[in-house]
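# A closer look at the structure
Here is what each chain is made of, one letter per residue.
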Amino acid sequence: MSDDRSRAGTTARTVRRESAVHILLVATAFNSLAQRVHAELRDRGHTVAVELALPDVPPVDRLRRHTPDLVLAPVLDTEIPEDVRVAFPCLVVHPCPVGERGPAALDRAVLAGATRWGVTVLQALEGTDRDAGPVWSAVACPVPPVSRSDLYRGEIADAALAAVLLSVERFASGDWIPLEQGAAQSRPPLDSSDRRIDWAADPTETVVRKLRACDSRPGVPDVLLGEEWYLHGGHPGEGLRGAPGELLATRAGAVCRATADGAVWIPELRRRRPPGQPLPVRLPAVRALGDRLPPLPELTVAPDAAGSDWRDIGYREEQGVGFLSFAFPAGAMSTDQCRRLLAAYRTARTRPTSVLVLGGRRDFFSNGIHLGVIEAADDPAAEAWANVNALDDLAEAVLTTTDRLVVAALCGNAAAGGAMLALAADEVWCRSGSVLNPHHRLMGLCCSAYGSSTLPRRAGAGAADRLLREALPVSAARALDLGLVDRIVECGPQEFAAETARLAARLARQPGTRARIAAKKAELEARETREPLAAVRERELAGFHRIIHDPDAPHHALRRAFVRKERPACTPPHLAVTAARTAPVPARPEAAATITEATTVSVTEAAPTVTEATVSVAEATTTTVEPPATGTTAAEVTVTAVESTTTTPEVTVTAAKSTVTAAETTSTPPEATAVATEAPTTDT
């Protein structure tokens, strides 16, 4: 069966208002793929509601009250019941190309070192062959050498969104007939023997593949220091050797373990769940092992050190631009990680550059404070207080930088305090496939990282209040309309760093850049006159302090449910009904009022915390939405395909100011899980 890439990315088409579809998303969890699909469908004028596929809750009655035109399952680990399939048209996103079946096909593709993969949207079927239904669309994508979760949130997500948008368009046309599948290969689930590492025999390349293919839940089962653990994530270790299986060193919270021919760095561990006990928290490896860890050398490596040896913070310079990159698992930033990143930022500020780019790697930008470390601490309130202050220190350093332009470069998603950290920069550049969640309400927290000032300053007080109150995901295109971001970078995840470097070098060369830098000090002084940063911080921290020290505050139960991967009892109310975004974005006022985020939430509003894996498709073309000419009926807008000058031969669909990429999908077994971060809807 041919790939629908060209159809998704380059075919001109007419989108009519009467073709808007009322879509119900049915999902195991509202993970990053479901969020992206939700946001992008709303951007295109569809109305979207969400129902979680929860055990022991009859689905058809809940679904009937939505009276959807179409039921779409972006991430589902169970089959859609027959009474639902009879009542409504049902499509399922399958993170595999046509001809591949099974709940672990993507995992096995990463494990085998595949270089190409794809996503298919299928008609829902029942039984063991539920992924054998007729095909509505299929989009291919590359597979770079990254973890399954990173791939799922990147290339796979881009392909999935392209496939979803094309399928919805075909459904709305009323004349599309899905194609039957032919012969297929069914891949069995991965069992513990597939995931387990033979430290005496497996070379480093094999060990890294296993760690990357199984980096989400449950991870790679192993015995370490006499106890059973699950290993999460892995990177080759350069120049280190030892007895196979031996722990050799630590670095930035990770442990280094010897393989048959080298070594690997393992960033995170999770203890095996004791019978009848809650799921243990996934933590930085050194913190998880605690006193069990024998004395080991801490092999620090400077961010700007030569070589490719693994580090979670890196720095380089090109053409007068400094690039401070960081990659923390699931975007969670612990107290230690915030402090180390702040130290690197201060060092970067001593360099003779006119532009400093913060971020720029694949996957998450940041999701704020590390809820897992907080939950596992002996004194969670003390750890939360230290963590939020460390994040505030970092945001303040960015806000008070007046000797250069600071660009926050978001290749992946950002949420809660991490989204507010990005807003502290002079410019925010966002990859077209990114999703922002600029709110804290679903975790029962208030604004941090000066977000109560920067959010309304960028979006306007009214829009900022609405974003915080609705607590819904925001697409890159919508974020651009709102003023949350300044540039959409239209490329795949693997090309983002190079494209960001090109744009940053151009910014550094522009004649107006020096003038902008010269004006920054006066602008900061003017803002300090209106409302000092110290006052903003004091106000935010006062609210945060009340919450973390109030034993009855909903935050504690919400945090616990999030990091322990507890399923909610019902679909969060704020997801039940969501209107399409069809009205124009109101103009932002010149002076934005400061807002204070509401913190009253019910425990039932906790967002689900199941796993996520993503993959983005590199983009070949972009489709721009042209405004209707004078006299054109309001019911019709023409979308014309144009060639993109910064794309690679993969998939892209662009709307208005941004491209559309495939959101994350997964047919992962219920093992998949989310890593604890401040963003309650983050998954891994």
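Treat the numbers as computed from the prediction; the structure is a model and nothing was measured.

When helices and strands are tallied, the protein chain shows 21 helices and 31 strands. When the 684 residues of the protein chain are sorted by exposure, 61% land in the buried category. By sequence separation, contacts in the protein chain at least 24 residues apart represent 77% of the contacts at least 6 residues apart.

This paragraph deals with the sheet that holds strand 17 (residues 283–284). Spatial strand order, 10-11-16-17: four strands in an open sheet with antiparallel pairing. The open sheet has two edge strands, strand 10 (220–224) and strand 17, and neither has a second partner. Pairing of strand 11 (residues 227–232) with strand 16 (residues 268–271) involves four bridges; the strand directions are antiparallel. Its bridge partner lying in strand 16, tyrosine 230 is registered against arginine 270.

Moving on to the nonpolar core. Counting residues in each nonpolar core, the largest one holds 143 residues, and the members touching the most others are Leu41, Leu72, Trp117, Leu269, Leu324, Tyr345 and Leu410. Not counting residues within four places of it along the chain, the set of residues in contact with leucine 269 comprises Leu224, Trp229, Tyr230, Leu231, His232, Val281, Arg282, Leu283, Ala285, Ala288 and Leu289. Listed in part, the 18 residues of the second largest apolar core include Val321, Trp429, Cys491 and Ala501.

The next point concerns the packing of helix 2 (residues 32–43) against helix 7 (residues 155–173). When two helices pack together, their arrangement is captured by the angle between the axes and the distance separating the axes. Orientation of helix 2 relative to helix 7, taken along the N-to-C sense of each, is 40 degrees, at an axis distance of 10 Å. Accordingly, the angle class assigned to the pair helix 2 and helix 7 is oblique. Where helix 2 crosses over helix 7, the two elements pack in a sense that is right-handed. Along the contact surface, helix 2 presents Leu33, Arg36, Val37, Glu40 and Leu41, while helix 7 presents Ala157, Asp158, Ala160, Leu161, Val164, Leu165 and Val168. Its residues assigned to classes, the contact of helix 2 with helix 7 shows nine nonpolar, no polar and three charged.

Counted under the stated rule, the structure contains 37 salt bridges. Of the charged contacts in the structure, one is a salt bridge between arginine 272 and glutamate 228, with a shortest N-O distance of 3.8 Å. Here glutamate 228 lies in strand 11 and arginine 272 lies in the loop between strand 16 and strand 17, a separation of 44 residues in the sequence. Classification of arginine 272 by relative accessible area gives partly exposed; the value is 41%. Classification of glutamate 228 by relative accessible area gives partly exposed; the value is 47%. Across the pair glutamate 531 and arginine 539 runs a salt bridge, and its minimum N-O distance is 2.7 Å. With a relative accessible area of 22%, glutamate 531 lands in the partly exposed category.

The strand order 12-15-14-13 describes an open sheet built from four strands, whose pairing is antiparallel. Edge positions in the open sheet fall to strand 12 (235–236) and strand 13 (247–251), since each of these has one partner strand only. Judged from the four bridges that link them, strand 14 (residues 254–258) and strand 15 (residues 263–266) form a sheet pairing that is antiparallel. Bridge assignment links cysteine 256 to a residue of strand 15, and that residue is tryptophan 265. Of the strands in this sheet, strand 12 and strand 15 touch helix 9 (residues 204–213), which is tilted by about 20 degrees from strand 15.

Before going further, it helps to examine the side chain of histidine 440. Turning to its location among the elements, histidine 440 is positioned in the loop between strand 24 (435–437) and helix 15 (451–459). Relative accessible area serves as the criterion here: at 1%, histidine 440 is assigned to the buried category. At 3.4 Å, the side chain of histidine 440 and the side chain of serine 448 are in polar contact.

End to end, helix 19 (residues 511–530) covers 30 Å across 20 residues, agreeing with the expected 28 Å (1.5 Å per residue, within 8%). Along helix 19, the helix axis deviates most sharply at lysine 520, where the bend reaches about 35 degrees. Turning to helix 19, its buried residues are Thr513, Ile517, Lys520 and Leu524. Buried residues along helix 19 sit against helix 13 (380–399), strand 21 (405–410), helix 18 (496–509) and helix 20 (533–548).

Reading guide: rules and limits
Residues numbered from 1 in each chain as written. Predicted model: local features only at pLDDT ≥ 70, side-chain atom pairs only at ≥ 80, totals over all residues. Heavy atoms only, no water. Helix = DSSP H or I, 4+ residues; strand = E, 2+ residues; numbered from the N terminus. Buried < 20%, exposed > 50% of the residue type's maximum accessible area, 1.4 Å probe, protein only. Contact = heavy atoms within 4.5 Å. Pairing = 2+ DSSP bridges. Core = buried A, V, L, I, M, F, W, Y, C linked by side-chain atoms within 4.5 Å. Axes fitted to C-alpha atoms, helices over the stretch in contact; angles between N-to-C directions. Parallel < 35°, antiparallel > 145°, perpendicular 65-115°, else oblique. Left-handed = near helix turned anticlockwise from the far one by under 90°. Nonpolar A, V, L, I, M, F, W, Y, C, P; charged D, E, K, R; others polar. Salt bridge = Lys/Arg side-chain N within 4 Å of Asp/Glu carboxyl O. Polar contact = N/O pair within 3.5 Å; in protein donor to acceptor, adjacent residues only side chain to side chain. Expected span 1.5 Å × (residues − 1). Bend = angle between axes of the 7 residues up to and from the residue.

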